[in-house]
Amino acid sequence: MARNPRRDLLAGLTVAIVALPLALGFGVSSGLGAEAGLATAVVAGALAALFGGSNLQVSGPTGAMTVVLVPIVAQYGPGGVLTVGLMAGVMLIALALLRAGRYMQYIPAPVVEGFTLGIALVIGLQQIPNALGVAKPEGDRVLLVTWRAVEEFVRTPNWTALSIALGVAAVMLLGARLRPTVPFSIVAVIAATLVGQLFQLDAAPIGDLPSGLPAPSLGFLDLSALGSLLAPAMAVAALAALESLLSATVADGMTVGQKHDPDKELFGQGIANLAAPLFGGVPATAAIARTAVNVRTGAGSRLAALIHAAVLAVIVFAAAPLVSKIPLAALAGVLLATAVRMVEVGALRAMTRSTRSDALVLVLTAAATLALDLVYAVIIGLFVAGALALHSVAKQARMDQVDFRPDLPGEHSAEEHALLAQHIVAYRIDGPLFFAGAHRFLLELSEVADVRVVILRMSRVSTMDATGALLLKDAIQKLNRRGIAVMTSGIRSGQRRVLESVGALDLLRREGREYATTPEAIAGARAHLHLAGVLPVVPVAEGTSR
């Protein structure tokens, strides 16, 4: 399985060192405690590595998932979170069997960047109570909880906790710039713990951790609550799918020759989320930061992620008393630094400078993530991005009046050219003819005046839907009622079905006004004008033909 076991071993050890404070911190932030974060990192990390679709993914508790879990804990308690994890696991497996993984590639980049920015803001704000050394206020709205925590700190400041949190964050951020390969998160946490123990600083520790994983149990499952937990489970499953496939894509981009299987990755995440709650773990997903560390340190196979899980398991069993003494403020500092590092300033700057639409989608998605929740944020981002994209496509559609005289077949006198130009107008329709843009120029078409024939050149229509076809039919009928004949040319085979379904094609065929080419349509228009007595019948000279 391993291409280079030694490099995978080193990568696994490095990722475990990076993952330990993150697992503890995200467990605490979720409301289920540090032990839940460790259990998730061990169980989900191992199973996702075994059954997932990427050789380089590292899974476990993540900040994005924590953001979703906090309101679930507040409303349903720990049992509700674990039940949601099981339900989400089933949904992820179902998505894998339905081969839904391929559709994640259609999420626009501004939605992803806005989503990431919003998550970073929420993660950072969630750490404020522990960073300030105050008890977490009641509530599940992060802005309100943060404000209450600040008010409590102002009344009874805890400068020790704040100093530890800011110190740990500063060491991580500055160290990452100076020595990117050194895991400064664990260095900073160990230093903060030693200083706190030596000087008996007023900083609350994590608390007692169980020395080992609990036995698998379904005692938390409340079948009567499954209906009310369906919506939260869908949110968790959607987030796990989104973050895992984004992480796998990032991992592929950092390597040469690696390519993940999106459906298999969903299956692996489903298995991980089915198992983690049985051991007291929270819902899990692939972690972009840990996966990036895994790749950068030379991982070449799943062995590295398995070693990461094994090292964390050893820590759970052998070092629980030591881990329990880590100050909560130190973990808050780790997550504050993590939130800062999640924000790619260059990518945000490029996205906001590209187009106004991209900037709007990014800002709305980030704001919705902060004010609402992640799933609503993605839905809002997708809806706005889709609406703006449709508007942009619709603007590409044009209807231009064109000079049809170069298409006149045969030899014609200047007088006949002039007469035809007085009574025939030709339009060329370019681009899509669909609901988002057809109203604008088909309304203009129905108001054409002072002509007897309108020729529509349709060969450049790129796509057409039922709305566009109905509007075209309506415009033709309005012109016909005013005594203006409508001829069409160049209708593509792909457009015939939709025109036929609304009766527009039958309307043209009944009058004999559908032609394959523009010259044929012009000949039909000339014949119509002859029959109407608008054009005089010109004698045909002997030996010539018209």
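Chains are numbered independently. Their residues run from 1 in the order of the written sequence. Whole-chain, interface and lining totals are the exception, using all residues; otherwise, since this is a predicted model, local features are given only for residues with pLDDT of at least 70 and side-chain atom pairs are given and counted only at 80 or more. Note that water and hydrogens are dropped before the side-chain values are worked out from all heavy atoms of the structure.

A. Geometry of the overall build of the protein. Assigned secondary structure in the protein consists of 23 helices and eight strands. The buried label goes to any residue with under 20% of its type's maximum accessible area, the exposed label to any with over 50%, and the partly exposed label to all in between, with areas taken from a 1.4 Å probe on protein chains only. Taken over 546 residues, the protein has a buried fraction of 51%. Note on contacts: a residue pair qualifies if any of its non-hydrogen atoms lie within 4.5 Å across the two residues. When contacts within the protein are restricted to residue pairs at least 6 apart in sequence, long-range pairs at least 24 apart make up 83% of them. In DSSP terms, a helix is any run of H or I states spanning at least four residues, a strand is any run of E spanning at least two, and both are numbered starting from the N terminus.

B. Up close: the side chain of Arg-457. On the secondary structure map, Arg-457 appears in strand E5 (residues 453-457). With relative accessibility at 18%, the residue Arg-457 sits in the buried group. Pairing of N or O atoms within 3.5 Å defines a polar contact, subject to two protein rules: one partner must be a possible hydrogen donor and the other a possible acceptor, and residues neighboring in sequence count only if both atoms are side-chain atoms. In terms of polar contacts, Arg-457 uses its side chain to reach the side chain of Thr-518, at 3.3 Å.

C. Just helix H12 (residues 303-318), in detail. Each helix should span, by expectation, one fewer than its residue count multiplied by 1.5 Å. Over its 16 residues, H12 runs 22 Å from end to end, which matches the ideal 22 Å to within 8%, given 1.5 Å per residue. Looking at the buried positions of H12, the neighbouring elements they touch are helix H1 (5-30), helix H2 (34-51), strand E1 (59-60), helix H11 (288-296) and helix H13 (320-323).

D. View of the pattern of salt bridges. Whenever Lys or Arg places a side-chain nitrogen within 4 Å of a carboxyl oxygen from Asp or Glu, that contact is recorded as a salt bridge. Here the structure, examined in full by the defined rule, presents eight salt bridges. Residue Arg-428 is joined to Asp-430 by a salt bridge in which the shortest nitrogen-to-oxygen separation is 3.3 Å. For Asp-430, a relative accessible area of 7% gives the class buried. For Glu-514, the salt bridge is made with Arg-509, and the minimal N-O distance between the two is 3.7 Å. According to the relative accessible area criterion, Arg-509 is partly exposed, its value standing at 42%.

E. Representation of the packing of H1 against H12 within the structure. The interhelical angle for the contact between H1 and H12, taken along N-to-C directions, is 50°, at an axis separation of 7 Å. When the axis of H1 is compared with that of H12, the two are oblique. Regarding H1 and H12, the two cross each other, and that crossing is right-handed. Residues Pro-5, Asp-8, Leu-9, Ala-11, Gly-12, Leu-13, Val-15, Ala-16, Ala-19 and Leu-20 of H1 pack against Leu-303, Ala-304, Ile-307, His-308, Val-311, Leu-312 and Ile-315 of H12. When grouped by side-chain class, the residues that make up the contact of H1 with H12 number 14 nonpolar, two polar and one charged. Angular values range over 0 to 180 degrees, each being the angle between N-to-C directions of two axes fitted as lines to C-alpha atoms, with helices fitted over their stretch in contact. Angle categories are assigned with fixed cut-offs, so that under 35 degrees is roughly parallel, over 145 is roughly antiparallel, 65 to 115 is roughly perpendicular, and the rest are oblique. Left-handed is the label given to a crossing in which the near helix is rotated counterclockwise from the far helix by less than a right angle, and right-handed is the label when the rotation is clockwise. Nonpolar residues are Ala, Val, Leu, Ile, Met, Phe, Trp, Tyr, Cys and Pro. Charged residues are Asp, Glu, Lys and Arg, and all others, Gly as well, are polar.

F. Quick look at helix H7 (residues 159-178). Here H7 is 20 residues long and its end C-alpha atoms lie 28 Å apart, about the 28 Å a rise of 1.5 Å per residue gives. Taken residue by residue, H7 has Ala-161, Leu-162, Ile-164, Ala-165, Val-168, Ala-169, Met-172 and Gly-175 as its buried positions. By the N-cap criterion, in which a side-chain oxygen at the helix start approaches the backbone nitrogen of a residue two or three places on, H7 is capped by Asn-158, the distance to Thr-160 being 3.3 Å.

G. Up close: the nonpolar core. The set of buried Ala, Val, Leu, Ile, Met, Phe, Trp, Tyr and Cys residues whose side-chain atoms join them within 4.5 Å is what this entry labels a nonpolar core. Ranked by size, the top nonpolar core spans 92 residues in total, and within it Leu-24, Val-168, Ile-206, Leu-209, Val-236, Leu-312 and Ile-326 carry the most contacts. Residues contacting Ile-206, with those up to four places away along its chain left out, are Leu-24, Ala-34, Val-323, Ser-324, Ile-326, Leu-328 and Leu-331. Formed by 28 residues, the second largest nonpolar core is a distinct cluster that contains Val-454, Met-464, Ile-476 and Ile-491.

H. Quick look at unusual backbone geometry. A positive phi is found at Arg-99, a non-glycine position, where the angle reads about 55°. Within the secondary structure, Arg-99 is located in the loop between helix H3 (63-97) and helix H4 (109-126). Assessed through its relative accessible area of 48%, Arg-99 is described here as partly exposed.

I. Geometry of the packing of aromatic side chains. Between 30 and 60 degrees the pair is tilted, below 30 it is stacked and above 60 it is edge-to-face, where a pair is any two Phe, Tyr or Trp rings, Trp via its six-membered ring, whose centres lie within 6.5 Å. Under the counting rule described, the total for this entry stands at one aromatic pair. When the centroid spacing of 5.2 Å and the interplanar angle of 80° are considered together, the rings of Phe-153 and Trp-159 count as edge-to-face. Here Trp-159 falls in the exposed class, since its relative accessible area comes to 55%.

J. Region of interest: the environment of Gly-381. Position of Gly-381 among the secondary structure elements: in helix H17 (residues 374-395). As a C-alpha pair, Gly-381 and Val-363 span 18 residues in sequence and 9.1 Å in three-dimensional space.

K. Highlighting the side chain of Thr-488. In this structure, Thr-488 sits in strand E7 (residues 485-489). With sequence-adjacent residues up to four places away left out, Thr-488 is seen in contact with Leu-456, Met-458, Leu-508, Arg-513, Glu-514, Tyr-515 and Ala-521.

L. Focus on a nonpolar patch on the surface. Among the surface-exposed residues, Leu-360, Leu-364, Leu-372, Tyr-376, Ile-379 and Ile-380 lie close enough to one another that they form a single nonpolar patch of about 520 Å² accessible area. Contributing elements (two or more residues each) for the nonpolar patch: helix H16 (356-371) and H17. With three residues, H17 is the largest single contributor of residues to the nonpolar patch. Here Leu-364 is to be found in helix H16. Patch rule: a residue counts if its relative accessible area is over 30% and it has no salt bridge; like charges are joined within 9 Å, and nonpolar side chains (Val, Leu, Ile, Met, Phe, Trp, Tyr) within 5 Å. Each accessible area value is a Shrake-Rupley result obtained with a 1.4 Å probe; residue values ignore everything except the protein chains displayed when judging cover.

M. Local environment of the packing of H3 against helix H10 (residues 262-275). In the contact formed by H3 and H10, the axes pass within 7 Å of each other and the chain directions differ by 160°. If you check the angle between H3 and H10, you find them roughly antiparallel. Note that H3 runs across H10; the crossing there is left-handed. Residues Gly-85, Leu-86, Gly-89, Val-90, Leu-92, Ile-93, Leu-95 and Ala-96 of H3 pack against Asp-263, Leu-266, Phe-267, Gln-269, Gly-270, Ile-271, Asn-273 and Leu-274 of H10. Its residues assigned to classes, the contact of H3 with H10 shows ten nonpolar, five polar and one charged.

N. A look at the pairing of E7. By the criterion of burial, E7 is predominantly enclosed, with five of the five residues buried. Pairing between two strands is assigned when DSSP locates at least 2 bridges connecting them. When E5 meets E7, the two strands line up parallel, connected through five bridges. Along E7, the bridge assignment pairs Val-454 with Val-486. Relative to strand E8 (residues 514-515), E7 is paired through two bridges, and the arrangement is parallel. Bridge pairing in E8 links Thr-488 to Glu-514.

O. Expanded view of the pairing of strand E4 (residues 424-433). Counting buried positions over the ten residues of E4 gives nine, a clear majority of the element. Taken together, the five bridges between strand E3 (residues 398-402) and E4 define a ladder with antiparallel strand orientation. Bridged to Val-402 within E4 is Ala-426. Pairing of E4 with E5 involves five bridges; the strand directions are parallel. Its bridge partner being in E5, Val-425 is matched across the sheet by Val-454.

P. Representation of the confidence of the model for the protein within the structure. Averaged over all residues, the pLDDT of the protein equals 82, while 90% of them reach at least 70. Per-residue confidence from the predictor is given as pLDDT, running between 0 and 100. Of all secondary-structure elements in the protein, the lowest mean pLDDT belongs to helix H18 (residues 414-423), at 65, while H10 reaches the highest, 95. Contacts of residues 539-546 to residues separated by more than four positions or lying in other chains number five contacts, the stretch itself having pLDDT below 50.

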